[in-house]
Amino acid sequence: MKEQNPKKKDTKKAKDLEKDTKEIKDSTFTTNQGVKVNDTNNSLKAGERGATLLEDFLLREKITNFDHERIPERIVHARGSGAHGYFELYENLEEYSKAGILNDTSRKTPVFVRFSTVAGSKGSTDLARDVRGFAVKLYTEEGTWDMVCNNMPIFFIQDAMKFPDLIHSVKPEPNREIPQAASAHDTFYDFVSHTPETLHNQIWLMSDRAIPRSYRMMEGFGIHTFRLINKKGEAHFVKFHWKPMLGIHSVTWDEAVKISGADSDFHRRDLWEAIESGHYPEWELGLQIIPEEDEHKFDFDLLDPTKLIPEEMVPVKRVGKMTLNKNPENFFAETEQVAFLPGHIIPGIDFTNDPLLQGRLFSYRDTQLSRLGSPNFHQIPINRPVIPTQNNQRDAKMQTSIPKGKTAYFPNSISGGCPHLSKISEGAFHAYEERIDANKIRSRSESFSDHFSQPALFYRSLSSWEKAHLADAYIFELGKCTYDHIKERMLWLLNQIDETLAGKVATGLGTDIPNNIKQPINQAIGADADVDRHQPGPKKTYLDEDPALSQANTKFNSIETRQIAVLATNGFSRKNVSAIKDKLEKEGAMLHIVAPQGGTILCDSNTEHKVHAPIMTTESVLFDAVYIPGGQKSIQGLLENKKYIKFINEAFKHCKAIAASGEGEQMLDKTYVSDYKDDAAVLINKKPEEFIKAISNHRNWDRMEITDQIPI
Ligand code: HDE
C-alpha cells in the first residue's frame, strides 16, 4: 500500500504537476497573434450592460476556436487510448526480410500504439463486448510502418466491399440510434445470419476475448497474410502476432456490465496508471513464417482473412519485444490525431492479394482526409516520420513546412535533379514482383467457402469455463433480437459449427433448432453468381484442438499490476497487513485500502494510513482480489456497512482470490464464502505465497458452477 506514506506520494504528485505545468507557468497569455491579454473573462460591451461589440477580436478568436474543437470521430474504432514506447529485436531476420527493424538488434525503434473498441462512439464504455483494435506505428529508420491489428486473429468478412454493410449492421440502428457500443441487436444478427463468412469472427466475439481484463492482457494480430522480402528479393508469407507478457486474461460478462457503470474508462485508466507507476506493458512480436511453395498446402486459403493458421501447424517465432513506457501528453494531439494506414509499409515487407487487405489500402488514407482534413496529415507531430522526407508534393490545406527552391517537379536540372531517386540496393521500396495473369471478374474463390471448420476448431479448443461463457454470450445477444427468423437462422448456423453449443443456446432462447434454412447465403454473393458453388462447404477437422486458442493455456506466472482491495477501517491489524504487503508489492501488485470513509484510518498501532477509496465510491469489479486483515474493531466497523458484504460476494461470484486473516474471517462468515472455505482461491490465515499463487491464476474458474447460483 503506497498510501502508507501519504507525504511521499504527495511530493511526487506535486513534482509531476510542476513538470507538466512548467511550460504554462513560464508563459504569458496572448492571442494567437501574440498580443498580450489582460481579460479573458469579459467580452467588450457598450456600457456595463451591453450590447456586446462585434469588433471584440478576443471574444471572436476564443469562441471560433472552441466552435471548431472537434474533428469527426473515427467511423469505426472511435473509442481508443494510446501510449508511446519502443521496439527491440531479439535476432537478425535477414534470411526472411531486409527491413532494418527486423535486421538490426541494436536499434530501439520508437512506437506509438492505439488500442480501441470498434463499434462504440468516442465516449462509449471501454467494457463493451467488442473486438479491440491494436494499432502500432513503428517509426523506423527506413520509414514509418503501421501494423494496424486487432485482438482477434481473423475478420468478419472476406472482401472489403462488404465492410460498410458489416459496420452499418453493428452500429446503432439508424432510426432510433440504439443500441450504443453493442452487437446485441437485430440488424447485426440479420447481417451475420445471412453472411456465414462472419461466423468465425462472430464466435470469437462471443468468447472472453471480447471483454479483456486490460489492454495489457490481450494479443494483437495483423490478421492478413503479408509478405517478408529479403535482400535477394525472395518472399515468405507471414502472419504478425503480438503476445502479451502478462498473458491473455478477461473479465466475466457480469463484471463487464458492472464495470461499465462503475468506471467506463476502466481500460484507459488501467493503461495510463500502469505506465505512470512504471509497470510498462510489454508484448513480444511473433511471426508465423510460411515458405511461398507451401501456399496451397493448407485446408484453407492463406488469402482468406476469416481463417487463422493454427499455431499447432505453424509455430509462432518470437522475434522481439515492444514496451510502452510513456503516456501521451495531450490526448487530442496524439491519440486522436494519430493516423494509421495499413498501406504504410517499408522495404522488406509487402502485401498479398487478400481482398480485404487490398480494400483497406484505399480506405485508411481516404478516411484520414475526412477526419484530419488535409493530405498534409503526415505533418502532424504524432504522424511525422523520424527521418527527413523530401518530394515534390506541394501546398494543400495546413502545409506547415516551408518547402525551399524553385522546382516542384521531376525530372529537373535547375535543382540538380533533386530530390534524387534511390536504387533498390540503396534502400528504395520495390514492390514484390508477383506474377499476375488473370481475367477481370467480380467473384470469389471457392477456396473461401469453408465457413464452419475454423469456428468449430475454436470451440473445440476452449476449456469448459470458456465454453460456458460463450454459450451465455450467444443467449444474451440472440435473446436481444426481436425477430424469430433471425434467431432461427443463427441457430441453424451454430448447429453446423457444434451441435452441443447450438443445443445450449436454443434451450436458453426457449426455441428449437430448425432442420434447415433456405439458401444460407443467397444474398451474400452476387445476383448472377452460382449459388450452389458458394454454399458453405462441409465442416472439416484438420486438427482436433489448437491449445493456443484457449485462455486456459496462457501465462499464469505474474501478479504484476493486479489491484488488491484491502477492506479495513480503524483498528485493523498492522501485523496482518505488513505480512502480505511487502511480498505482494514486491511482485508488482497494488494494494488499496477500501474504508467506510475517505481521508485516513488508524491501524492497531495507531499509525495513520491513507484511504484509497471510500467504499461508496468503488466496487469489487474494479479489483482483482480482496484481502481482509484482522483487528476486531476494524471488522466491527466494516460490518456496519452492508456494502462490504456485497463487495465480497461479488468478488466471490467473479471467481476472484479472497484472503482473510484473524478476525477477518468473521466478514467471510456473513457472505456466501462461508459455505466454500475449502475453495482453492479462498485463503484464510494462509501464507502470502498462497495468495500470490491464487491471484496469478487470475480466477478460480472451477468455482463457476456454484457462483452461477449466487443471486447478485
Ligand atoms: Fe479498419 N478501419 N477497416 N480494420 N481499423 C479504420 O481508419 C477498414 C479492418 C483497424 O487506432 C478506419 O483511421 C476497412 C481489419 C484498427 O486509429 C477506417 C476494412 C482490421 C483501426 C477503417 C477494415 C482493422 C481501424 C477508421 C475492411 C484488423 C483503428 C478510422 C476492408 C487487421 C486505428 C481510421 C486507430 C480503423 C477501414 C477492416 C483494424 C474507416 C474498409 C481487418 C485497429 O479507415
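Since the structure is predicted, the reported quantities are computational estimates derived from the model, not experimental observations.

Basis of the calculations
- Residues numbered from 1 in each chain as written.
- Predicted model: local features only at pLDDT ≥ 70, side-chain atom pairs only at ≥ 80, totals over all residues.
- Heavy atoms only, no water.
- Helix = DSSP H or I, 4+ residues; strand = E, 2+ residues; numbered from the N terminus.
- Buried < 20%, exposed > 50% of the residue type's maximum accessible area, 1.4 Å probe, protein only.
- Contact = heavy atoms within 4.5 Å.
- Areas by Shrake-Rupley, 256 points an atom, 1.4 Å probe, with all protein chains shown as cover.
- Lys, Arg positive; Asp, Glu negative; His and termini not counted.
- Charge placed at Lys NZ, Arg CZ, Asp CG, Glu CD.
- Phe/Tyr/Trp six-rings, centres within 6.5 Å; stacked < 30°, edge-to-face > 60°.
- Lys NZ or Arg CZ within 6 Å of the ring centre and 35° of its normal.
- Near = heavy atom within 4 Å.
- Polar contact = N/O pair within 3.5 Å; in protein donor to acceptor, adjacent residues only side chain to side chain.
- Nonpolar A, V, L, I, M, F, W, Y, C, P; charged D, E, K, R; others polar.
- Axes fitted to C-alpha atoms, helices over the stretch in contact; angles between N-to-C directions.
- Domains from an automatic or database assignment.
- Patch = residues over 30% accessible without salt bridge, like charges linked within 9 Å, V, L, I, M, F, W, Y side chains within 5 Å.
- Salt bridge = Lys/Arg side-chain N within 4 Å of Asp/Glu carboxyl O.
- Donors = N, O, S within 2.8 Å, 3.2 Å for Na, K, Ca; no water.
- Pairing = 2+ DSSP bridges.
- Right-handed = clockwise from strand over helix to strand, strands pointing away.

S.K.: Now, about the overall build of the protein: what can you tell me, with residues and values included?
M.R.: For the protein, the count of helices and strands is 19 helices and 18 strands. Each of the 712 residues in the protein was classed as buried or not, and the buried ones make up 52%. Intrachain contacts of the protein at a sequence separation of at least 6 include 75% that bridge at least 24 residues. Summing over all exposed atoms, the protein offers an accessible surface of approximately 34,100 Å²; the carbon and sulfur share of this is 51%. When the 90 basic and 101 acidic side-chain charges of the protein are each reduced to a single mean position, those positions are 5 Å apart.

S.K.: Could you give an account of the packing of aromatic side chains, with specific residues and numbers?
M.R.: A full pass over the atoms with the stated rule returns 21 aromatic pairs. With a centroid separation of 6.5 Å and an interplanar angle of 80 degrees, the aromatic rings of W204 and F221 are classed as edge-to-face. Taken together, the residues W204 in helix α5 (residues 199–205) and F221 in strand β5 (residues 220–221) connect sequence positions 17 residues apart. Owing to a relative accessible area of 1%, W204 belongs among the buried residues under this scheme. Pairwise contacts between aromatic rings join F87, F115, F134, Y215, W242 and W283 into one cluster. The positively charged end of K137 is found above the aromatic ring belonging to F340, 5.4 Å away from the centroid. Geometry around Y459 places K467 over its ring, the cationic atom sitting 5.2 Å from the centre.

S.K.: Requested: an account of the site of the ligand, with residues and values cited.
M.R.: The full set close to the ligand counts 23 residues, and R74, R114, R360, Y364 and Q368 are the nearest of them. In this structure, R114 approaches the ligand through a side-chain N or O atom, which is 2.6 Å from an oxygen atom. Between the ligand and Y364 there is a distance of 2.6 Å, counted from a nitrogen atom to a side-chain nitrogen or oxygen. If you tally residues by element for the shell around the ligand, the top one is helix α9 (residues 355–372), at 6 residues. When its residues are assigned to classes, the shell around the ligand shows 12 nonpolar, 8 polar and 3 charged.

S.K.: Kindly report on the packing of helix α3 (residues 163–170) against helix α4 (residues 186–194), identifying the contributing residues and their values.
M.R.: Two elements in contact, α3 and α4, have axes whose closest approach is 6 Å; the angle formed by their N-to-C orientations is 145 degrees. Listed contacts from α4 to D165, L166, S169 and V170 of α3 are T187, F188 and F191. Grouping the constituent residues of the contact of α3 with α4 by class yields 4 nonpolar, 2 polar and 1 charged.

S.K.: An account of α4 is requested, with residue identities and associated values reported.
M.R.: Among the 9 residues in α4, 7 count as buried, and that is most of the element. Listing the buried residues of α4 in full gives D186, F188, Y189, F191, V192, S193 and H194. Looking at the buried side of α4, the elements it contacts are α3, α5, α11 (464–479) and α12 (484–497).

S.K.: Describe the domain arrangement of the protein, naming the residues involved and giving the relevant values.
M.R.: Partitioning the protein into domains gives domain 1 (44–383), domain 2 (455–550) and domain 3 (556–707). A C-alpha centroid distance of 41 Å is found between domain 2 and domain 3.

S.K.: Could you give an account of unusual backbone geometry, with specific residues and numbers?
M.R.: Here the residue pair G50 and A51 is connected by a cis peptide bond, since its omega of 5 degrees sits within 30 degrees of zero. For the peptide bond that leads from I178 to P179, omega is -5 degrees, which places it in the cis range. Even without being glycine, A181 reaches a positive phi, approximately 50 degrees. Mapped onto the secondary structure, A181 falls in the loop between α3 and α4.

S.K.: Mind laying out a negative patch on the surface, listing which residues take part and the relevant values?
M.R.: Residues D472, D702, E705 and D708 make up a contiguous surface patch of negative charge. With respect to the element layout, E705 can be found in helix α19 (residues 704–707).

S.K.: So what's going on with helix α16 (residues 643–653)? Which residues, and what values?
M.R.: It helps to recall that an α-helix has 3.6 residues per turn; residues three or four apart then point in one direction. For α16, the buried fraction is high: 10 of the 11 residues fall into the buried class. Of the residues one or two after α16, C655 is the one with positive phi, at around 65 degrees.

S.K.: Kindly report on the coordination of the iron atom of the ligand, identifying the contributing residues and their values.
M.R.: Coordination of the iron atom of the ligand by the protein involves just one donor, Y364 (OH), at a distance of 1.8 Å. Note on placement: Y364 falls in helix α9.

S.K.: For the side chain of R114, give the residues involved together with the corresponding values.
M.R.: Position of R114 relative to the elements: it lies in strand β2 (residues 109–117). Here A78 takes part through its backbone oxygen, which lies 3.1 Å from a polar atom of the side chain of R114.

S.K.: Explain the pairing of strand β12 (residues 590–595) to me, and be specific about the residues and the numbers.
M.R.: By the criterion of burial, β12 is predominantly enclosed, with 6 of the 6 residues buried. Here β12 shows a buried face lined by M590, H592 and V594 and a second buried face lined by L591, I593 and A595. Judged from the 5 bridges that link them, strand β11 (residues 563–567) and β12 form a sheet pairing that is parallel. Paired with V566 across the bridge in β12 is I593. With helix α14 (residues 574–586) bridging β11 and the parallel β12, this β-α-β connection has right-handed handedness.

S.K.: I'd like a description of the side chain of D56, backed by residues and values.
M.R.: Counting through the fold element by element, D56 comes out in the loop between α1 (6–25) and α2 (57–67). No salt bridge is formed by the buried D56; the nearest opposite charge belongs to R60, separated by 6.9 Å. Polar contacts involving the side chain of D56 include one to the main-chain amide nitrogen of L59, which spans 3.2 Å. Discounting chain neighbours no more than four positions away, the residues touching D56 are S43 and L44.

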